[in-house]
Amino acid sequence: MNFLEEKILTDGVVKEGNVLKVDSFLNHRIDMAVMRGIADHFMRAFSDAGVNKVLTIEASGIAIATLLGHLLDVPVVFAKKSETANCTDDKYVAQAYSFTHRRHNSVFVSRPYLTADDRVLIVDDFLADGQAAHALIDLVRQAGGQVVGIGIAIEKGWQQGGRLLRQEGYRLESVAIVDAMDWRTQTVTFRPRESRD
């Protein structure tokens, strides 16, 4: 069992409807030891990938991406979900459905921040159906760049996202893959490392 799986068991809460609440350490209040562990894990896993840019989606992936970008000494870009007054029309746009918020989002990155020279490592806190990951992949494709890996903190293994991304040939590394949860007993079952491919 790795550090993130242990943290999920001690501090995570399973809610009815297959919701894993980890906001006490991952995506609301941030435990820096956990965040460092995730960033270190991805740095080691993708050390041979020639990453020159880290890409995530706002908001929960930003903390992981920033720490990882620091370790790799590469720029970090995050896809925005909402327009602001200083947004440009010169941007790449993709569509993503949010499992957490149960709504469709248009996400975008300004064109100067993704290029055809980029070897992009996509990171995020959760992977469920893979909608956010596929939207980020679409943005990289529009720019002509290359996705060299996808790093996920927690993958919901019973949902299709991880399986689809692996079948599509993406190099996917999840720190913890949850195969089952029970809110009545507060039990979480993780996929063993040797069974992840």
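Residues numbered from 1 in each chain as written. Predicted model: local features only at pLDDT ≥ 70, side-chain atom pairs only at ≥ 80, totals over all residues. Heavy atoms only, no water.

Counting its regular elements, the protein contains five helices and 10 strands. A compact globule built from 197 residues would reach a C-alpha radius of gyration of about 16 Å, and the protein, at 16 Å, matches this within 12%. Taking the principal axes of its C-alpha atoms as reference, the protein extends roughly 50 × 35 × 35 Å. Taking all 197 residues of the protein together, 47% fall into the buried category. For the protein, long-range pairs separated by at least 24 residues make up 61% of all intrachain contacts whose partners lie at least 6 apart in sequence. Surface accessibility of the protein: about 9800 Å² in total, with carbon and sulfur atoms responsible for 48%. Positive and negative side-chain charges in the protein, numbering 23 and 26 respectively, have mean positions lying 2 Å apart. (Helix = DSSP H or I, 4+ residues; strand = E, 2+ residues; numbered from the N terminus. Rg over C-alpha atoms; globule rule 2.2 N^0.38 Å. Buried < 20%, exposed > 50% of the residue type's maximum accessible area, 1.4 Å probe, protein only. Contact = heavy atoms within 4.5 Å. Areas by Shrake-Rupley, 256 points an atom, 1.4 Å probe, with all protein chains shown as cover. Lys, Arg positive; Asp, Glu negative; His and termini not counted. Charge placed at Lys NZ, Arg CZ, Asp CG, Glu CD.)

Let us now look at the pattern of salt bridges. Taken as a whole, this structure holds nine salt bridges when the rule is applied. A salt bridge links R191 to D179; its shortest N-O distance comes to 2.8 Å. Taken together, the positions of R191 in the segment after β10 (187-190) and D179 in strand β9 (residues 172-182) put the pair 12 residues apart, joining distant regions of the chain. With relative accessibility at 17%, the residue R191 sits in the buried group. Classification of D179 by relative accessible area gives partly exposed; the value is 28%. (Salt bridge = Lys/Arg side-chain N within 4 Å of Asp/Glu carboxyl O.)

Next up on the list: the pairing of β10. In β10, alternate side chains face the same way, and those of V188 and F190 are buried while those of T187 and T189 on the opposite face are not. Bridging between β9 and β10 involves four bridges; their strand directions are antiparallel. Note on β10: the bridge partner recorded for A180 is T189. Here β9 folds back onto β10 in antiparallel fashion, the turn holding four residues, of which Q186 has a positive phi close to 55°. (Pairing = 2+ DSSP bridges.)

Once that is clear, we can look at the packing of aromatic side chains. Tallied over the entire structure, the rule returns zero aromatic pairs. Its end group placed over the ring of F108, K91 keeps NZ or CZ at 5.1 Å from the ring centre. (Phe/Tyr/Trp six-rings, centres within 6.5 Å; stacked < 30°, edge-to-face > 60°. Lys NZ or Arg CZ within 6 Å of the ring centre and 35° of its normal.)

With that out of the way, let us pick up helix α3 (residues 61-72). Spanning 12 residues, α3 covers 16 Å between terminal C-alpha atoms, matching the ideal 16 Å at 1.5 Å per step. Buried-residue contacts for α3 involve α2 (32-45), β3 (53-57), β4 (76-79), β7 (119-127) and β8 (146-156). With its phi angle positive at about 60°, D73 sits one or two positions after the end of α3. (Expected span 1.5 Å × (residues − 1).)

Moving on to unusual backbone geometry. At the junction of E58 and A59, the peptide bond is cis and its omega measures out at 5° in the coordinates. Of note, A59 is situated in the loop between β3 and α3. Although it is not a glycine, N18 adopts a positive phi angle of roughly 60°. Tracing the chain through its elements places N18 in the loop between β1 (13-15) and β2 (19-21).

This next bit is on the environment of D182. By the element assignment, D182 lies in strand β9. Setting aside chain neighbours within four positions, we find D182 in contact with V14 and T187. In this structure the side chain of D182 is engaged in a polar contact, spanning 2.8 Å, whose partner is the backbone nitrogen of R184. (Polar contact = N/O pair within 3.5 Å; in protein donor to acceptor, adjacent residues only side chain to side chain.)

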